[in-house]
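# Descriptive structure summary
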Amino acid sequence: AALSTRTFASSSASSSSASSSSSAASAAAAASSSSSAGAASEYLCPEFSYTPPGKHHLFVPGPTNIPDSVQREMHRASLNHRDPFFKTVTYQALNDVKYLFKTHQGQPYVFPGTGTGAWEAGFTNTLSAGDKVIMFRYGQFSHLWVDMAQRLGLNVICLEEPWGNGADEAKLEQVLKEHPDTKAVCVVHNETTTGVTSDLPACRAAMDRAGSDALLMVDGVSSIGACEFKMDEWGVDIAVTGSQKALSLPTGLALVCASPKAKSKLASSNLKKVYYSFEDMDKFNAVGGFPYTPSIPLLYGLIEAMRLIKEEGLDNVIARHARFAEGTRAAAKAWGLETLCTQPRWHSNSLTVLKAPPEITDTSDFVTYMYCKYNVSLGLGLSEVQGKVFRIGHLGSMDEVSLLGAIAATEMGLRDYGALKNVSNGAGVGAALDYFRRTARMIPTRDHVVHDPMIQDNQTPMTASG
């Protein structure tokens, strides 16, 4: 059947709706003709008006599922951020960011924006045009970070790695020795394109062995809150993340933390900064405000999201993510599928990226099929691995039962495509649920209600590490 379309016309267009008999092709042609004549283009999109029963199942590595209590906290009337009470919101949010980044020394910042904005804040407040920076590139997001650095006028030494590898610490040490004037080393902690988490303590050790005084800048957009991250202990100078990943918030907050060493570079930095100015933020944050209107609902959401994380305990949150990742990899092993990540030491807590079986020639089609058939959103392969892999996100607000749903749905889709012919039905689900059952613990405050039959002879369930 022909795909129906909905047209979103510019304000100058006629208010009358297009004839239902108009095809998508003719509408697109008309829009193209209008555009070539200098008029504003019309936006066409397919019709998605039907709401299926049940719920939409979101298993991408961001945006992530938002807890009910967070949504309730954000659903509030407009407030005046210049009223005296608001400083309690500002200070709570800033203190929560320090807890999340595991820092006592770092200065936290909460900007309206995304992880990309946080990148820009880190660069522009510490570096100058022409400064030499070493950056690893092993995925789409490390590629985009390199692109930003180059467009800002930084002198980038790009260390290329195969997509599926993490940062090569030995190579970093060697290049630092060859370029002692390097001002910053930039590492994407968890490359969301490939499901690879690089070893930050090993990178810091390589910098120390090389005698480098460069800043260590870390993109923790999809790692902080899901993977172990210790800003002070690991000697990280700039760390960034976004609200839509492990924090389980809507997109819209760019979180940055700067070490005293990074803050000392502000006076000499000559890159332009306006919206993402540390100096402006420092001045207003000191008195409980912001230099412009903040996203008030998101700040309340951040505080509630952090309340949930603190209630669970940040170390427990990270252990939960590690369990979910291990269970998902157990399912993949049962299916006979390979992860894109080449070494177990780089396995990600946040997502699992799987290579396509031979029966799936384009994983973009497979991911689209999963949405259209089972109302499940999985992650696409991006850039160099487009069409070759698909991604299962397991970060943020999630439990074993939810994740088993994603694994079951993925297995259904794989079988629909003719894959897993020699694999028993439910093999992936069985492998994951066996691991989850053996490693799960009773829910706190409910553990006194009934005995856990999985605990025998005063033994506790397995930990995530075995």
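Cut-off values and rules
- Residues numbered from 1 in each chain as written.
- Predicted model: local features only at pLDDT ≥ 70, side-chain atom pairs only at ≥ 80, totals over all residues.
- Heavy atoms only, no water.
- Salt bridge = Lys/Arg side-chain N within 4 Å of Asp/Glu carboxyl O.
- Helix = DSSP H or I, 4+ residues; strand = E, 2+ residues; numbered from the N terminus.
- Buried < 20%, exposed > 50% of the residue type's maximum accessible area, 1.4 Å probe, protein only.
- Contact = heavy atoms within 4.5 Å.
- Pairing = 2+ DSSP bridges.
- Axes fitted to C-alpha atoms, helices over the stretch in contact; angles between N-to-C directions.

## What about the pattern of salt bridges?
This structure, assessed with the given rule, holds 28 salt bridges. One salt bridge connects Lys 177 with Glu 173, and the closest N-O pair in it is separated by 3.2 Å. On the criterion of helical spacing, the pair formed by Lys 177 and Glu 173 is a turn pair, its members being four residues apart in helix 6 (residues 169-178). Residue Lys 177 is classed as partly exposed on the basis of its relative accessible area of 47%. We note a salt bridge from Glu 233 to Lys 230, for which the minimum N-O separation is 3.9 Å.

## Things to note about helix 4 (residues 115-124)
Within an α-helix, residues lying three or four positions from one another point in the same direction, as the helix has 3.6 residues per turn. By the criterion of burial, helix 4 is predominantly enclosed, with eight of the ten residues buried. All of the buried residues in helix 4 are Gly 115, Gly 117, Ala 118, Trp 119, Ala 121, Gly 122, Phe 123 and Thr 124.

## A closer look at the environment of Asp 96
Residue placement: Asp 96 occurs in helix 3 (residues 86-101). Residue classification places Asp 96 among the buried residues on the basis of a relative accessible area of 2%. In this structure, Asp 96 is in contact with Ile 303, Met 306 and Lys 310, ignoring residues within four places of it in sequence.

## A word on the environment of Arg 204
Here Arg 204 lies in helix 7 (residues 200-209). For the pair Arg 204 and Trp 234, spaced 30 residues apart in sequence, the C-alpha separation works out to 6.7 Å.

## Side note on the sheet that holds strand 11 (residues 238-242)
In spatial order, the strands read 4-12-11-10-7-5-6; together these seven strands make up an open sheet with mixed pairing. Looking along the sheet, the strands with just one partner apiece sit at the ends: strand 4 (107-112) and strand 6 (155-160). Averaged over neighbouring strand pairs, the angle between their axes works out to 20 degrees when direction is ignored. Here strand 10 (residues 215-219) runs beside strand 11; their pairing, made up of three bridges, is parallel. Across the sheet, Met 217 pairs through a bridge with Ile 238, a residue of strand 11. On the sheet, helix 3 packs against strand 4, strand 11 and strand 12 (253-258) and is oriented at approximately 115 degrees with respect to strand 4. Lying on the sheet, helix 6 is in contact with strand 5 (132-137), strand 6 and strand 7 (184-188); it crosses strand 6 at an angle near 150 degrees.

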